[in-house]
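For reference, the chains in residue letters:
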Amino acid sequence: MEAKVAKAHTKYVRISPRKVKIVCDLIRGKDTQTAKAILLQTPKAASEVMIKLLGSAVANAENNHEMDPDNLYVSETYANPGPILKRIRPVSRGRAHRINKRTSHITIVVAEKE
């Protein structure tokens, strides 16, 4: 029998996936209370989004899957690239350089400890 899991997604977050993955690596495998404490103390822009997403995943587990919120841990977390907003910056001699404003799709999966 498969272990019960609950997910939460957020899409089109205006932070580069490379920067979000650093925060994902900090909380992967930790229990949810520890993960929240780590995120609260992490001075990264992605940690604010991840706190809300972690809360959503825990709420989904509790309300939709009848899981015990005290017995949850972060089983998976990942950030995939979303669409890139392409902008230009004028440079010398009438030319333009491309600026890529990257977006992320972030997912957190929580599961119950066995």
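The text that follows walks through the structure, step by step, so that each part is easy to find. (Residues numbered from 1 in each chain as written. Predicted model: local features only at pLDDT ≥ 70, side-chain atom pairs only at ≥ 80, totals over all residues. Heavy atoms only, no water.)

Considerations on the overall build of the protein chain
Next, step 1: Looking only at helices and strands, one finds three helices and five strands in the protein chain.
Next, step 2: Seen in sequence order, the protein chain has helices and strands lined up from the N terminus as β-α-α-α-β-β-β-β.
Next, step 3: A compact globule built from 114 residues should have a C-alpha radius of gyration of about 13 Å, whereas the protein chain, at 17 Å, is more than 25% larger.
Next, step 4: Each principal axis of the C-alpha atoms in the protein chain carries an extent, and together these give about 65 × 30 × 20 Å.
Next, step 5: In the protein chain, the share of contacts with a sequence separation of at least 24, taken over all contacts with a separation of at least 6, comes to 72%.
Next, step 6: When the accessible area of the protein chain is evaluated, it comes to approximately 7500 Å², of which 49% is carbon and sulfur surface.
Next, step 7: The protein chain carries 21 positive and 11 negative side-chain charges, and their two centres are separated by 24 Å. (Helix = DSSP H or I, 4+ residues; strand = E, 2+ residues; numbered from the N terminus. Rg over C-alpha atoms; globule rule 2.2 N^0.38 Å. Contact = heavy atoms within 4.5 Å. Areas by Shrake-Rupley, 256 points an atom, 1.4 Å probe, with all protein chains shown as cover. Lys, Arg positive; Asp, Glu negative; His and termini not counted. Charge placed at Lys NZ, Arg CZ, Asp CG, Glu CD.)

A closer look at the sheet that holds strand β1 (residues 5-13)
Next, step 1: With respect to topology, three strands assemble into an open sheet ordered β1-β5-β2, the strand pairing being antiparallel. What marks the edges here is a single partner per strand, and that holds for β1 and β2 (72-81). Neighbour to neighbour, the strand axes of the sheet diverge by 15° on average, direction disregarded.
Next, step 2: Where helix α1 (residues 17-27) meets the sheet, it contacts β2 and β5 (104-112), and its direction lies at approximately 170° from that of β2. (Pairing = 2+ DSSP bridges. Axes fitted to C-alpha atoms, helices over the stretch in contact; angles between N-to-C directions.)

Examining the pattern of salt bridges
Next, step 1: Across all of its chains, the model carries one salt bridge by this definition.
Next, step 2: Two residues, Arg 28 and Asp 25, come together in a salt bridge whose shortest N-O distance is 2.8 Å. (Salt bridge = Lys/Arg side-chain N within 4 Å of Asp/Glu carboxyl O.)

Considerations on the side chain of Ser 16
Next, step 1: Along the chain, Ser 16 falls in the loop between β1 and α1.
Next, step 2: For Ser 16, a relative accessible area of 17% puts it in the buried group. (Buried < 20%, exposed > 50% of the residue type's maximum accessible area, 1.4 Å probe, protein only.)

A closer look at unusual backbone geometry
Next, step 1: Of note in this structure, Tyr 12 is not a glycine but carries a positive phi near 60°.
Next, step 2: One can find Tyr 12 in strand β1.
Next, step 3: You can call Tyr 12 exposed: its relative accessible area is 53%.
Next, step 4: The backbone of Arg 93 shows a phi angle near 60°, a positive value even though the residue is not glycine.
Next, step 5: On the basis of relative accessible area, Arg 93 is assigned to the exposed category, the value being 71%.

Here we look at the packing of α1 against helix α2 (residues 32-41)
Next, step 1: Look at α1 against α2: their axes get within 9 Å of each other, and the N-to-C directions meet at 140°. On the basis of the axis angle, α1 is oblique to α2. You can see that α1 and α2 cross each other, and the crossing is right-handed. Here α1 contributes Val 23, Leu 26 and Ile 27 to the contact with α2, which in turn contributes Ala 35, Ile 38 and Leu 39.
Next, step 2: Here the contact of α1 with α2 is built from residues that sort into six nonpolar, no polar and no charged. (Parallel < 35°, antiparallel > 145°, perpendicular 65-115°, else oblique. Left-handed = near helix turned anticlockwise from the far one by under 90°. Nonpolar A, V, L, I, M, F, W, Y, C, P; charged D, E, K, R; others polar.)

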